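What follows is each chain in one-letter form.
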Amino acid sequence: MAGRRPLVLTGLQAMLDPPRDTAAAAVRSCREAGIEVKMITGDHAGTAVSVARQVGLLDGDGDGDAVLSGAEVEALDDDVVGEAVERASVFARVSPGQKLRIVEALQARRHVVAMTGDGVNDAPALKRADVGVAMGRSGTEVAKDAGDVVLTDDDFATIEAAVEEGRGVFDNITKFIVWTLPTNMGEGLVILVAILLGTSLPILPTQILWINMTTAVALGLMLAFEPKEDGIMTRPPRDPRRSLLSAPVVLRTLLVSALLVVGSRWVFDHELAQGASLEVSRTAAINVFVTVEAFYLFSCRSLVRPLWRSGLLGNRWLLVGVAVQVVLQAALTYLPAMNALFHTAPIDAGVWLRIVLVAVAAAVVVELDKLRWRRSAATARP
């Protein structure tokens with residue numbers, strides 16, 4: 001136009017916020033662990049699909065049921081929104097209210113939902129999710145206050161690492177419970193059986209106190225340092241409604257308790273029949289309990305895998321604990337001061353041989369029981 005200078009296009013500027021290099025591997029690891037990963041964003045659907053392909057959320061062309069817009073989520077009826085949200089992997093142009101609806105729809109289908117977010121508009125969904133994960137670097141204070149966990153490095157791979165660590169911690173807690181329940185129950189049952197039979201107590205209350213004080217620290221505590229088992233991130237998620245005292249745990253508890261009672265009672269009665277004193281017989285029974293618990297401790301390194309696959313050297317603290325327990329039992333058995341305090345007496349090599357045979361027999365029975373546990377675990381998988 002006359003009197004006006006023409007405009008000249010000199011270039012275009014584009015902004016790129018690529019996913020982190022570790023994101024794709026973390027998504028893949030989560031899927032192998034049975035964790036479904038979904039992307040919820042306010043960006044355009046085309047942008048969301050592109051990023052989803054880069055991190056492995058979408059393998060095909062990204063259309064169909066795998067991608068939903070916020071408007072589509074809003075238009076869905078309550079009776080079908082759960083199924084649609086469960087199928088989709090990417091949600092684009094989503095408002096705060098729609099994010100909240102997605103979380104609630106997944107929870108209604110009995111999913112445990114972890115939601116990540118950094119903005120004020122993410123706060124309702126973070127609050128409603130079972131685990132709200134707020135970003136520590138880029139997140140607003142509102143998001144951090146609404147979340148249950150603050151991710152200090154804003155890296156999705158950290159969530160995957162936290163899941164792996166959490167599974168390892170839960171495993172070790174379960175192993176300690178599986179180890180300590182039968183040992184404590186066995187101590188009570190051996191007293192109860194003696195009372196019902198009207199015979200002398202194989203173990204005195206002070207001796208039970210000794211077993212509890214020493215084995216809980218020197219043996220049981222060492223399971224807290226147990227390294228994570230191989231394949232921990234290829235297991236299916238555990239149903240949160242499932243009790244920690246599951247049927248296999250209860251059966252294992254009853255089995256090992258019975259082994260402790262029968263084994264200690266047999267050694268105790270055998271020593272008495274051979275003319276040994278009551279103190280010698282009780283000392284043998286005490287050492288049956290402790291030796292069986294030490295053997296059983298190595299079996300508890302894995303609740304499913306055979307002992308020979310778990311090995312003996314994977315947890316050095318376990319070896320240290322057993323060595324400490326051996327020293328303590330030697331002191332209880334052979335030091336005159338300990339004999340006077342706990343009413344014990346020295347025992348000879350033949351008694352030790354019978355004690356070790358009982359412990360080996362108990363370990364074999366436990367390993368056979370693991371076959372049942374493995375079948376139960378395989379049946380529980382989806």
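Residues numbered from 1 in each chain as written. Predicted model: local features only at pLDDT ≥ 70, side-chain atom pairs only at ≥ 80, totals over all residues. Heavy atoms only, no water.

Student: Help me understand the overall build of the chain, please; the structure alone is not making it clear to me.
Tutor: Of the regular secondary structure elements, the chain holds 15 helices and six strands. Relative to the globule expectation of 21 Å for 382 residues, the C-alpha radius of gyration of the chain, 30 Å, shows a markedly less compact shape. In terms of its C-alpha atoms, the chain occupies a principal-axis envelope of roughly 125 × 40 × 35 Å. Looking at the 382 residues of the chain, the share that counts as buried comes to 43%. (Helix = DSSP H or I, 4+ residues; strand = E, 2+ residues; numbered from the N terminus. Rg over C-alpha atoms; globule rule 2.2 N^0.38 Å. Buried < 20%, exposed > 50% of the residue type's maximum accessible area, 1.4 Å probe, protein only.)

Student: Explain the nonpolar core to me, please; I cannot follow it from the model alone.
Tutor: The nonpolar side chains of soluble globular proteins are, as a tendency, buried together. Judged by nonpolar contacts, the single largest core of 45 residues is most densely connected at Val 178, Trp 179, Ile 203, Ile 211, Val 292, Tyr 296 and Leu 297. Counting only elements with at least two residues in this core, the list comes to α8 (156–197), α9 (205–218), α10 (247–273), α11 (278–299), α13 (316–334), α14 (336–342) and α15 (349–380). Considering every element that reaches this core, the biggest residue donor is α11, with twelve residues. Setting aside chain neighbours within four positions, we find Leu 297 in contact with Trp 179, Leu 219, Gly 220, Leu 223, Leu 318 and Val 322. With 21 residues, the next largest nonpolar core counts Val 81, Ala 88, Ile 102 and Ala 105 among its residues. (Core = buried A, V, L, I, M, F, W, Y, C linked by side-chain atoms within 4.5 Å. Contact = heavy atoms within 4.5 Å.)

Student: Before we go on, may I ask you to explain the sheet that holds strand β1 (residues 39–40) in this structure?
Tutor: Where strands meet in a sheet, backbone hydrogen bonds hold them as pairs that are either parallel or antiparallel. Across the sheet, three strands lie side by side as β1-β3-β2; this open sheet has parallel pairing. The strands lining the two open edges of the sheet, one partner per strand, are β1 and β2 (67–69). As paired strands, β2 and strand β3 (residues 90–92) are joined by three bridges and run parallel to one another. In the sheet register, Ser 69 faces β3, and the bridge partner there is Ala 92. Those strands touched by helix α2 (residues 45–55) are β1, β2 and β3, and its axis lies near 155° from that of β3. (Pairing = 2+ DSSP bridges. Axes fitted to C-alpha atoms, helices over the stretch in contact; angles between N-to-C directions.)

Student: I'm lost on the pattern of salt bridges in this one. Help?
Tutor: Opposite charge on two side chains allows them to pair when their charged atoms are near. Under the counting rule described, the total for this entry stands at 18 salt bridges. A salt bridge links Arg 109 to Glu 86; its shortest N-O distance comes to 2.8 Å. Of this pair, Arg 109 sits in the loop between α5 (96–108) and β4 (114–117) while Glu 86 sits in helix α4 (residues 78–87); the two residues are 23 residues apart in sequence, bridging distant segments of the chain. Judged by its relative accessible area of 38%, Arg 109 falls in the partly exposed class. (Salt bridge = Lys/Arg side-chain N within 4 Å of Asp/Glu carboxyl O.)

Student: Help me understand the pairing of strand β5 (residues 131–135) in this model?
Tutor: One face of the sheet, then the other: side chains in a regular strand alternate in exactly this way. Burial of β5 is extensive: four of the five residues sit out of reach of the surface. In the sheet, β4 pairs with β5 via four bridges, with the strands oriented parallel. Residue pairing in the sheet places Thr 116 in a bridge with Val 133 of β5. The parallel pair β4 and β5 is bridged by helix α6 (residues 123–128), and the resulting crossover is right-handed. (Right-handed = clockwise from strand over helix to strand, strands pointing away.)

Student: Looking at this structure, how should I read the packing of aromatic side chains?
Tutor: Aromatic rings considered in pairs are described by the distance between their centres and by the relative angle of their planes. In the structure shown here, the tally under the stated rule is three aromatic pairs. Relative to Trp 179, the ring of Phe 176 lies with its centre 6.2 Å away and its plane at 40°, an arrangement referred to as tilted. Taken together, the residues span about one helical turn, with Phe 176 and Trp 179 both in helix α8 at a distance of three residues. For Trp 179, a relative accessible area of 1% corresponds to the buried category. (Phe/Tyr/Trp six-rings, centres within 6.5 Å; stacked < 30°, edge-to-face > 60°.)

Student: How should the packing of α9 against α11 be read in this particular structure?
Tutor: The angle between the axes and the distance between the axes are what describe a pair of packed helices. For the pair α9 and α11, the least separation of the axes is 11 Å and the interaxial angle reads 25°. Viewed along their axes, α9 and α11 adopt a mutual orientation that is roughly parallel. Pair α9 / α11 crosses with right-handed handedness. Residue-level contacts link Gln 207, Ile 211 and Thr 215 of α9 to Arg 282, Ile 286, Phe 289, Val 290 and Glu 293 of α11. The residue inventory of the contact of α9 with α11, partitioned by class, reads four nonpolar, two polar and two charged. (Parallel < 35°, antiparallel > 145°, perpendicular 65-115°, else oblique. Left-handed = near helix turned anticlockwise from the far one by under 90°. Nonpolar A, V, L, I, M, F, W, Y, C, P; charged D, E, K, R; others polar.)

Student: Any chance you could explain the sheet that holds β4 here in plain terms?
Tutor: With respect to topology, three strands assemble into an open sheet ordered β4-β5-β6, the strand pairing being parallel. Edge positions in the sheet fall to β4 and β6 (149–151), since each has one partner strand and no second. On average, adjacent strands in this sheet sit at an angle of 25° to one another, irrespective of strand direction. Of the pairings in the sheet, the one linking β5 to β6 comprises three bridges and is parallel in character. Bridge pairing in β6 links Ala 134 to Val 150.

Student: Teacher, can you tell me more about α5 here?
Tutor: Each full turn of the α-helix corresponds to 3.6 residues, which orients residues three or four apart in the same direction. Relative to the 18 Å expected for 13 residues at 1.5 Å per residue, α5 spans 19 Å between its end C-alpha atoms, a close match to the ideal helical length. Of the residues making up α5, those classed as buried are Gln 98, Lys 99, Arg 101, Ile 102, Val 103, Ala 105, Leu 106 and Gln 107. Contact partners of the buried residues in α5: β1, α3 (70–75), α4, β3, β4 and α6. Looking at the residues trailing α5, positive phi occurs at Arg 110, about 65°. (Expected span 1.5 Å × (residues − 1).)

Taken by themselves, the reported measurements are silent on function.
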